[in-house]
4 protein chains.
Amino acid sequence: MSSSCGRNVVVTLFGESHGPGVGCVIDGFPAGFTPDMDAVAAFMARRAPGKAPGSTPRAEADLPRILSGMHDGRTTGAPITALIENINTRSGDYSDLVRKPRPGHADYTLHVKTGGANDPRGGGHSSGRVTAGLCFAGALAIQYLAAKEVAIKSRITAIAGSAVSCKTDKYGLDEAARAAIDAARRDGDSVGGVVECVIEGLPAGLGDPMFDGVENRIASIVFGIPAVKGVEFGSGFAGSALRGSVNNDPFIFNDLGGVRTRTNNHGGALGGITSGMPVVFRVAIKPTPSISIPQDTVDIQTGKCCRIEIKGRHDACIVPRARPVVEAAAALAALDLLLDP
Amino acid sequence: MSSSCGRNVVVTLFGESHGPGVGCVIDGFPAGFTPDMDAVAAFMARRAPGKAPGSTPRAEADLPRILSGMHDGRTTGAPITALIENINTRSGDYSDLVRKPRPGHADYTLHVKTGGANDPRGGGHSSGRVTAGLCFAGALAIQYLAAKEVAIKSRITAIAGSAVSCKTDKYGLDEAARAAIDAARRDGDSVGGVVECVIEGLPAGLGDPMFDGVENRIASIVFGIPAVKGVEFGSGFAGSALRGSVNNDPFIFNDLGGVRTRTNNHGGALGGITSGMPVVFRVAIKPTPSISIPQDTVDIQTGKCCRIEIKGRHDACIVPRARPVVEAAAALAALDLLLDP
Amino acid sequence: MSSSCGRNVVVTLFGESHGPGVGCVIDGFPAGFTPDMDAVAAFMARRAPGKAPGSTPRAEADLPRILSGMHDGRTTGAPITALIENINTRSGDYSDLVRKPRPGHADYTLHVKTGGANDPRGGGHSSGRVTAGLCFAGALAIQYLAAKEVAIKSRITAIAGSAVSCKTDKYGLDEAARAAIDAARRDGDSVGGVVECVIEGLPAGLGDPMFDGVENRIASIVFGIPAVKGVEFGSGFAGSALRGSVNNDPFIFNDLGGVRTRTNNHGGALGGITSGMPVVFRVAIKPTPSISIPQDTVDIQTGKCCRIEIKGRHDACIVPRARPVVEAAAALAALDLLLDP
Amino acid sequence: MSSSCGRNVVVTLFGESHGPGVGCVIDGFPAGFTPDMDAVAAFMARRAPGKAPGSTPRAEADLPRILSGMHDGRTTGAPITALIENINTRSGDYSDLVRKPRPGHADYTLHVKTGGANDPRGGGHSSGRVTAGLCFAGALAIQYLAAKEVAIKSRITAIAGSAVSCKTDKYGLDEAARAAIDAARRDGDSVGGVVECVIEGLPAGLGDPMFDGVENRIASIVFGIPAVKGVEFGSGFAGSALRGSVNNDPFIFNDLGGVRTRTNNHGGALGGITSGMPVVFRVAIKPTPSISIPQDTVDIQTGKCCRIEIKGRHDACIVPRARPVVEAAAALAALDLLLDP
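Residues numbered from 1 in each chain as written. Chains lettered and ligands numbered in written order. Predicted model: local features only at pLDDT ≥ 70, side-chain atom pairs only at ≥ 80, totals over all residues. Heavy atoms only, no water.

Re the overall build of chain A
Test applied: Secondary structure follows DSSP: runs of H or I at least 4 residues long count as helices, runs of E at least 2 residues long count as strands, and numbering of each begins at the N terminus. The cut-offs for exposure are 20% and 50% of the maximum accessible area for each residue type, with area from a 1.4 Å probe on protein chains only; residues under the lower value are buried, those over the upper are exposed, and the others partly exposed. Should any heavy atoms of two residues lie within 4.5 Å, those residues are considered in contact. Note on areas: Shrake-Rupley, 1.4 Å probe, and residue coverage restricted to the protein chains presented here. The convention is simple: Lys and Arg are positive, Asp and Glu are negative, and His and the chain ends are not counted. In plain terms, the charge of a residue is placed at NZ if it is Lys, CZ if Arg, CG if Asp and CD if Glu.
A tally of regular secondary structure across chain A gives 8 helices and 18 strands. Taken along the three principal axes of its C-alpha coordinates, chain A extends 70 × 50 × 35 Å. Looking at chain A as a whole, 65% of its 341 residues are labelled buried. Long-range pairs, those at least 24 residues apart, make up 71% of the contacts in chain A between residues at least 6 apart in sequence. Surface exposure of chain A reaches about 10800 Å², of which carbon and sulfur atoms provide 52%. A gap of 3 Å separates the mean positions of the 35 positive and 34 negative side-chain charges of chain A.

Below, the structure is given as structure tokens:
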């Protein structure tokens with residue numbers, strides 16, 4: 001089940017960067033929900049290439065075609081299949097990469113795993129483009145959650161190691177971040193960053209103590225997003241430097257008599273179970289490995305060292321486009337938690 | 001399946017801190033393996049209370065009793081059940097905590113989730129003591145992996161926010177760390193830290209691109225360990241501050257003609273699949289929430305704010321005892337990867 | 001995961017009878033296999049409507065379009081998605097059935113389950129047409145198994161309660177069976193039957209003692225085929241009437257020194273594990289519930305009893321078309337067993 | 001996960017016939033339920049050896065010891081572990097069977113699967129004794145269901161091929177059945193039979209169209225019971241001989257305006273989803289393979305044919321003891337269906 005996530009709502013991703021298309025099957029989505037398909041498209045457009053600063057110039061409309069699971073505009077309870085066809089593919093760019101794996105990419109590991117049978121074009125099934133299907137599923141989940149007064153929010157907290165200030169553009173970038181991305185692009189290089197995501201409105205008591213906890217479920221989806229190399233909840237790694245008396249969040253009552261905590265170092269989950277406080281997590285996104293600077297690699301046919309220059313079209317920074325994907329992952333985890341027996 | 005982890009080797013944890021015992025069922029462990037039970041006991045002793053600096057004085061022999069799945073000292077292929085009986089329990093310490101949830105603990109969230117039916121004594125099933133079962137399973141996995149020349153190593157990289165030097169005692173602590181723990185204990189407080197774990201010897205090509213990748217599998221187990229609030233692989237969060245040209249690991253050949261990378265910022269997994277380099281991850285462990293300093297909390301019976309002083313026996317620092325648990329989690333994930341079809 | 005089956009090779013079915021199409025996603029199929037797509041089409045044609053005696057005149061080419069998971073004619077290890085578009089749909093036939101559920105169909109139960117949000121046209125996702133996706137997946141599995149010298153065979157053993165003789169046409173029917181089907185069609189009625197399926201060539205030692213045994217895995221897929229109401233292995237229900245001394249299969253050696261059994265009342269599985277003898281099972285297929293004879297039902301809008309006449313196009317006997325679907329289920333279960341760790 | 005069943009309530013069975021004990025872990029059972037432990041013991045006693053006609057004289061009290069998941073007599077929501085210790089074991093009886101596999105048993109298949117590492121004593125983990133754990137879990141489920149007005153009933157419909165009349169003793173046997181069992185025992189032989197089970201009170205709309213349907217879920221558990229070789233629902237195999245106009249169940253209204261069917265040939269499930277009618281299924285149980293009549297088998301050490309006489313203690317008919325196990329399986333499937341999201 002390498003390409004499926006979730007327990008109650010199971011999302012299966014399929015597709016390759018340069019094949020006929022990418023998409024998803026969503027099994028278990030509640031019946032009778034009428035999504036706003038314009039809002040779905042708008043959400044998916046945030047991930048689509050060609051817009052955000054640092055994005056690849058490859059432009060794709062990325063409009064999903066619904067193949068199953070909807071009738072008269074409503075979900076039917078049957079598996080929902082969405083297909084996003086690939087249009088603007090240029091496979092020629094990638095022909096040489098079979099023998100010379102790109103550093104930081106899955107070219108080599110996929111080659112070993114599949115005995116060379118993998119689709120090498122544009123990363124194949126390991127391409128970030130496959131997250132378009134995750135975004136479609138996440139867009140449905142976000143709308144469903146909104147009807148239950150659960151909101152998913154996110155912001156970019158760092159680009160290239162520098163904290164992002166409050167004054168951001170619609171891509172979540174401040175001036176310094178845009179400058180860092182531009183500088184990297186000019187150098188044929190790339191930068192990474194950190195995305196913080198918040199799930200507001202989940203009631204207390206969802207999740208489980210051990211392996212089906214809030215953190216496990218979110219992490220198991222989020223680590224499916226290419227380029228994610230770390231996840232932390234609440235005070236996270238910084239919290240491990242605090243004393244218990246500082247990191248513990250005192251319980252208080254809010255105005256309505258509800259139990260809250262004064263601070264939220266626990267990030268909304270205690271013992272794997274929601275506390276009623278916002279679920280807060282941060283995701284480390286590595287600098288996109290596709291850079292045009294020449295790099296050392298090996299030629300697995302000749303057995304000799306060599307250098308490659310990756311031509312193609314690249315993102316100098318994937319973080320703005322990864323933001324909606326992180327939100328989608330959070331929404332799917334939250335929906336899954338809400339639907340627990 | 002909140003208390004089960006794994007796909008090929010499924011480990012189910014059971015038990016409570018103050019019930020008859022804790023333990024595990026291991027389903028899918030390869031048949032015909034003869035574990036060294038003394039080595040199992042020695043591994044479990046690393047997690048057992050009462051020894052490491054900062055550990056609770058609660059002493060438990062923690063010797064597992066095998067209830068099933070072994071015959072003539074060998075694994076039979078049937079589910080292996082181990083029971084670690086609880087002996088040294090003092091439930092009286094916890095009687096007041098039902099109505100006044102401890103900050104940073106799962107008392108409140110479990111209460112809400114179960115409608116008050118949870119076992120409140122010592123955290124019940126959410127107690128760190130439940131990881132004794134995980135350690136038993138991990139000990140078997142470590143031995144099995146060793147026979148395949150896969151080794152699990154770990155070290156404490158930080159305590160209370162300070163890096164731990166190379167000169168460590170058998171608990172992985174240097175002088176400053178021990179001092180920080182002692183200071184916290186004297187103050188009735190606690191400290192956290194970071195554990196780094198390395199899996200050496202896994203061949204390239206294990207894992208999967210999306211949701212069953214190396215990172216997902218490790219994270220989904222590791223976040224089942226109480227007090228873990230963050231996981232990062234390779235360069236992790238720090239890597240998100242680097243440029244691609246720095247963070248990318250150039251491929252090279254080693255002396256035997258094998259493909260390696262010059263650096264290991266990717267932490268042994270590219271696209272969710274092992275690269276043949278060591279799998280490296282770090283785990284953020286929060287300061288143990290059980291502190292004797294008075295804390296603010298709420299009385300959920302009277303609806304009033306109050307303060308609590310947690311008497312009982314506590315760990316001023318759980319990190320040394322958490323180390324073998326992290327190793328166990330890593331071993332189980334590695335074994336699971338090795339057994340993939 | 002209602003629409004997914006399998007453990008190592010997970011097949012997810014999607015689609016509706018009168019939506020854009022039906023299909024499947026196959027996750028975990030071995031990489032590097034080159035299927036014969038003509039043979040796939042020929043296999044799927046056996047299930048396609050319009051050919052076998054008793055089949056609906058709805059004609060569909062049923063040619064699958066591969067959306068993912070193949071490259072240069074080979075499987076890549078990534079999820080394989082196949083879409084069979086619906087062309088020849090006449091939804092008008094079904095407009096009245098929302099309020100008057102057809103006896104023997106899922107109209108009523110789906111209506112209750114989904115709160116009326118299900119796609120009622122032609123049974124929606126519960127239509128037998130959805131098994132086209134299962135047949136595609138099964139066709140790949142059959143070819144893969146053939147390369148491992150595992151063969152799937154089947155025959156119709158009974159139609160309308162009468163045993164089918166050896167002299168059968170290409171649809172597995174003898175003269176009496178064809179006559180029974182014709183008679184039912186003339187009466188606007190339908191007949192059912194029994195399909196026997198044999199998996200030859202599986203080595204001994206596959207499967208598991210309890211819930212992942214040969215029988216469990218086959219049954220869990222076969223009961224996903226609409227109209228299947230019973231499954232038995234080996235001597236099955238008849239065997240429950242025998243004495244142990246008769247039903248037990250004595251072990252013998254074959255000419256090559258291999259262990260075999262003299263008889264095969266156990267149907268190839270002992271304790272859930274293959275014995276090396278052919279796996280034999282029989283499937284009871286109910287008479288297709290779509291008949292044109294007027295039937296009693298209820299009007300769930302008016303709350304009154306009523307009668308319905310189902311116009312549309314129907315199969316007077318689904319058994320010949322169900323045969324390849326049973327073979328597909330057997331092949332997928334066999335492949336799954338072979339890929340166990 | 002060979003020893004686990006269920007989706008919302010996951011039951012993991014462990015133990016061997018001649019090891020320390022057998023038992024189960026139940027993960028996901030609703031919190032806050034107070035089972036009547038005397039009723040649990042009474043239910044388990046129906047399966048325990050030494051009482052029913054045809055039962056082995058091996059007597060076991062079979063009282064479960066609760067190791068986890070209960071507190072103050074209530075379920076806590078944490079995994080419930082029950083251990084039934086083995087007391088009356090005589091392993092000496094089985095020493096010769098490693099090299100001479102018993103016909104109809106799993107001795108040979110387990111030997112092949114595990115490379116000879118399986119526990120051969122009394123069938124090891126494949127022994128019917130392991131169903132004691134299933135009965136414990138089923139007993140809890142039955143009580144929980146009773147509180148929701150869902151009842152599980154069963155009867156023996158055939159012994160040794162003869163229908164069982166209404167006049168039965170407390171073991172579900174009529175005079176002819178007892179005579180058939182006695183005759184088999186005198187001959188050192190055994191007989192099988194058929195158990196019918198009915199789940200009453202499930203609301204309409206539970207289950208799923210394809211692989212998580214009512215039939216799939218029941219079958220996947222029931223085929224985990226040793227000796228089960230067939231399962232049919234409603235009219236089952238006999239229904240495949242009927243015409244659609246006869247087998248279809250007309251919908252009607254009951255006195256309260258609820259939708260029912262006039263007959264119940266569908267056995268309570270249409271398209272995998274409950275119809276509100278009783279769920280009815282029958283299970284074929286083979287004659288117990290342990291007979292004392294000499295049988296042909298092979299000596300896998302010498303490679304020669306031989307004969308064995310199984311001494312030990314055997315059931316001449318397992319059917320009366322299998323009845324509660326079938327009920328347990330039905331109850332667990334029903335509970336699982338009720339807890340679906």
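Structure's up, so let's keep going.
Let's talk about the pairing of strand β7 (residues 80-85) of chain A
Where a strand is regular, its side chains alternate between the two sheet faces. All names here are of chain A. To keep things clear, this is the line we draw: Following DSSP output, two strands are said to pair if at least two bridges run between them.
A large share of β7 lies buried, amounting to 5 of its 6 residues. Both strand β4 (residues 65-68) and β7 contribute to a ladder of 3 bridges, which runs antiparallel. Across the sheet, isoleucine 66 pairs through a bridge with alanine 82, a residue of β7.

Some words on the pattern of salt bridges
Pairs can form between side chains of opposite charge whenever their charged atoms are close. The following threshold applies: In the sections that follow, a salt bridge refers to a side-chain nitrogen of Lys or Arg positioned within 4 Å of a carboxyl oxygen of Asp or Glu.
According to the stated counting rule, one finds 96 salt bridges over all chains in the structure shown. Close ionic contact of lysine 113 of chain C with aspartate 208 of chain D constitutes a salt bridge, the shortest N to O distance being 3.6 Å. On the criterion of chain membership, the pair formed by lysine 113 of chain C in helix α2 (residues 107-114) and aspartate 208 of chain D in the loop between β10 (193-200) and α5 (214-222) is interchain, its members lying in two chains. Judged by relative accessible area, which is 13%, aspartate 208 of chain D ranks as buried. Salt-bridge contacts for arginine 185 of chain D lead to aspartate 182 of chain D; the nearest nitrogen and oxygen are separated by 3.1 Å. In this pair, arginine 185 of chain D and aspartate 182 of chain D are both assigned in helix α4 (residues 175-186), 3 residues apart and thus about one turn of the helix distant. For arginine 185 of chain D, a relative accessible area of 41% corresponds to the partly exposed category.

Examining the interface of chain A and chain B
Condition: Two parts placed together each lose some accessible area under a 1.4 Å probe, and adding up what both lose gives the buried area. For the purposes of these results, a polar contact is taken to be a pair of N or O atoms within 3.5 Å, where, inside protein, one atom must be able to donate a hydrogen and its partner to accept one; residues adjacent in sequence count only when each atom of the pair is a side-chain atom. Each residue is assigned to one class: nonpolar for Ala, Val, Leu, Ile, Met, Phe, Trp, Tyr, Cys and Pro, charged for Asp, Glu, Lys and Arg, and polar for all the others, Gly among them.
Of the residues lining the interface, 98 residues belong to chain A; the matching set on chain B comes to 98 residues. Interface of chain A and chain B: buried area, both sides summed, is about 7400 Å²; carbon and sulfur atoms make up 64% of it. Looking only at chain A, the three residues that lose the most surface to chain B are Phe211, Lys229 and Phe251 of chain A, adding up to 11% of its buried area. Taken together, the connections running from chain A to chain B amount to 10 salt bridges. A salt bridge links lysine 229 of chain A to glutamate 215 of chain B; the nearest nitrogen and oxygen atoms lie 3.1 Å apart. Between chain A and chain B we count 33 residue pairs in polar contact (both at pLDDT 80 or more) in total. Its residues placed into classes, the side of chain A that touches chain B shows 47 nonpolar, 33 polar and 18 charged.

Focus on the sheet that holds strand β3 (residues 21-27) of chain D
Taken together, 5 strands build an open sheet; the order of strands is β1-β2-β3-β7-β4 (chain D) and the sheet is antiparallel. Only two strands of the sheet have a single neighbouring strand rather than two, namely β1 (4-5) and β4 (65-68) of chain D.

A short note on the relation of the copies chain A and chain B
Put simply, the test is: We superpose the copies by least squares over the C-alpha atoms of residues that have a pLDDT of at least 70 in both of them.
Each copy superposes on the other: chain A lies on chain B with an RMSD of 0.0 Å after a rotation of 180° and an axial shift of 0.0 Å. The superposition operator between the copies reduces to a two-fold rotation axis. Mapped onto chain B, 100% of the interface residues of chain A again fall at the interface, so both copies present the same surface.

With respect to the interface of chain C and chain A
On the chain A side, the residues contacting the 38 residues of chain C number 38 residues. Around 2800 Å² of area is buried between chain C and chain A when both sides are counted, 59% of it from carbon and sulfur atoms. Its salt-bridge partner being glutamate 85 of chain A, residue arginine 65 of chain C comes within 3.2 Å of it at the nearest N-O pair. Here chain C is connected to chain A by 12 residue pairs in polar contact (both at pLDDT 80 or more). The biggest single contributor to the side of chain C that touches chain A is strand β2 (residues 10-15) of chain C, with 5 residues. A per-class count over the side of chain C that touches chain A returns 14 nonpolar, 17 polar and 7 charged.

Brief notes about the environment of isoleucine 252 of chain B
Position of isoleucine 252 of chain B among the secondary structure elements: in strand β12 (residues 251-253). Judged by relative accessible area, isoleucine 252 of chain B falls into the partly exposed class, the value being 22%. The contact partners of isoleucine 252 of chain B, leaving out residues within four places of it in the chain, are Val298 of chain A together with Gly258, Val259, Arg260, Thr261 and Arg262 of chain B.

Description of the environment of glycine 116 of chain A
Checked against the element boundaries, glycine 116 of chain A lands in the loop between α2 (107-114) and α3 (131-147). Through-space distance from the C-alpha of glycine 116 of chain A to that of alanine 269 of chain A is 43 Å; in sequence the pair is 153 residues apart.

Side note on the relation of the copies chain C and chain A
If you rotate chain C by 180° and push it 0.0 Å along the axis, it lands on chain A with an RMSD of 0.0 Å. Of all interface residues in chain C, 100% are interface residues in chain A too; the two copies therefore contact each other through one and the same surface.

Points about α2 of chain A
Residues of α2 of chain A that are buried: Asp107, Tyr108, Thr109, Leu110 and Thr114 of chain A. Looking at the buried positions of α2 of chain A, the neighbouring elements they touch are β12, β13 (259-261), β14 (269-270) and β15 (273-274) of chain B.

Quick look at the sheet that holds strand β11 (residues 228-233) of chain D
Strand order in this open sheet of 10 strands is β9(C)-β8(C)-β10(C)-β16(C)-β11(C)-β11(D)-β16(D)-β10(D)-β8(D)-β9(D), and the pairing throughout is antiparallel. Edge positions in the sheet fall to β9 (162-163) of chain C together with β9 (162-163) of chain D, since each has one partner strand and no second. Strand direction decides the pairing type here: strand β11 (residues 228-233) of chain C and β11 of chain D, joined by 3 bridges, are antiparallel. The residue bridging glycine 230 of chain C from the neighbouring strand is glutamate 232 of chain D, located in β11 of chain D.

Some details on the packing of α5 of chain D against helix α8 (residues 319-338) of chain D
Residue and element names in this part refer to chain D. Here is the rule: Axes, fitted as lines to C-alpha atoms, cover a helix only where it is in contact. Angles between the N-to-C directions of the axes lie from 0 to 180 degrees. Oblique is the label for any angle not under 35 degrees, not over 145, and not in the 65 to 115 range, which are roughly parallel, roughly antiparallel and roughly perpendicular in turn. Crossing handedness: left-handed means the near helix sits turned counterclockwise from the far one by under a right angle, and right-handed means the same turn made clockwise.
Where α5 contacts α8, the two axes come as close as 9 Å, and the packing angle between them is 140°. If you check the angle between α5 and α8, you find them oblique. In the packing of α5 onto α8, the handedness of the crossing is right-handed. Here Val214, Arg217, Ile218, Ile221 and Val222 of α5 lie close against α8, whose contacting residues are Ala329, Leu332, Ala333, Asp336 and Leu337. Looking at the contact of α5 with α8 residue by residue, the class counts come to 8 nonpolar, no polar and 2 charged.

A look at the packing of aromatic side chains
Counted only if it meets this: Stacked, edge-to-face and tilted labels apply to pairs of Phe, Tyr and Trp rings (six-membered ring for Trp) whose centres lie within 6.5 Å, assigned for plane angles under 30 degrees, over 60, and everything in between, in that order.
All told, the structure shown has 26 aromatic pairs over all chains when counted by the stated rule. An angle of 65° between the planes, with centres 5.4 Å apart, marks the rings of phenylalanine 33 of chain C and tyrosine 144 of chain C as edge-to-face. Of this pair, phenylalanine 33 of chain C sits in the loop between β3 (21-27) and α1 (37-47) while tyrosine 144 of chain C sits in helix α3 (residues 131-147); the two residues are 111 residues apart in sequence, bridging distant segments of the chain. Given the relative accessible area of 14%, phenylalanine 33 of chain C is considered buried. With a relative accessible area of 13%, tyrosine 144 of chain C lands in the buried category. Among the aromatic residues, ring-to-ring pairing joins Phe29, Phe33 and Tyr144 of chain A into one connected group.

Examining the side chain of threonine 261 of chain A
Residue and element names in this part refer to chain A. Here threonine 261 shows up in strand β13 (residues 259-261). One polar contact links the side chain of threonine 261 to the main-chain carbonyl oxygen of threonine 263, over a distance of 2.6 Å. In this structure, threonine 261 is in contact with Asp249, Pro250, Phe251, Ile252, His266 and Met277, ignoring residues within four places of it in sequence.

Observations concerning the nonpolar core
Rules: Buried Ala, Val, Leu, Ile, Met, Phe, Trp, Tyr and Cys residues that are joined via side-chain atoms within 4.5 Å together make up what is termed a nonpolar core.
With 152 residues, the main nonpolar core has Ile26, Ile159 and Phe281 of chain C together with Ile26, Ile159 and Phe281 of chain D as its most contacted residues. Those residues within four positions of phenylalanine 281 of chain D in sequence are excluded, and the remaining contacts are Val195, Glu196, Cys197, Ile218, Val222, Val231, Glu232, Phe233, Val326 and Ala330 of chain D. Phe29 and Val222 of chain A together with Cys5 and Phe29 of chain B belong to the second largest nonpolar core, which has 151 residues in total.

Brief notes about the pairing of strand β8 (residues 151-159) of chain D
Residue and element names in this part refer to chain D. As paired elements, β8 and β10 share 8 bridges and run antiparallel to each other. Counterpart to isoleucine 156 in the pairing with β10 is valine 195. Where β8 lies against β9, 2 bridges are found, and the strand directions are antiparallel. Along β9, the bridge assignment pairs alanine 158 with alanine 163.

Examining the side chain of asparagine 247 of chain A
Among the structural elements, asparagine 247 of chain A can be located in helix α7 (residues 244-247). When its relative accessible area of 6% is taken as the criterion, asparagine 247 of chain A is described as buried. When near neighbours in sequence (up to four residues on either side) are disregarded, asparagine 247 of chain A contacts Ser235, Gly239, Leu242 and Asn265 of chain A together with Lys286 and Pro287 of chain B.

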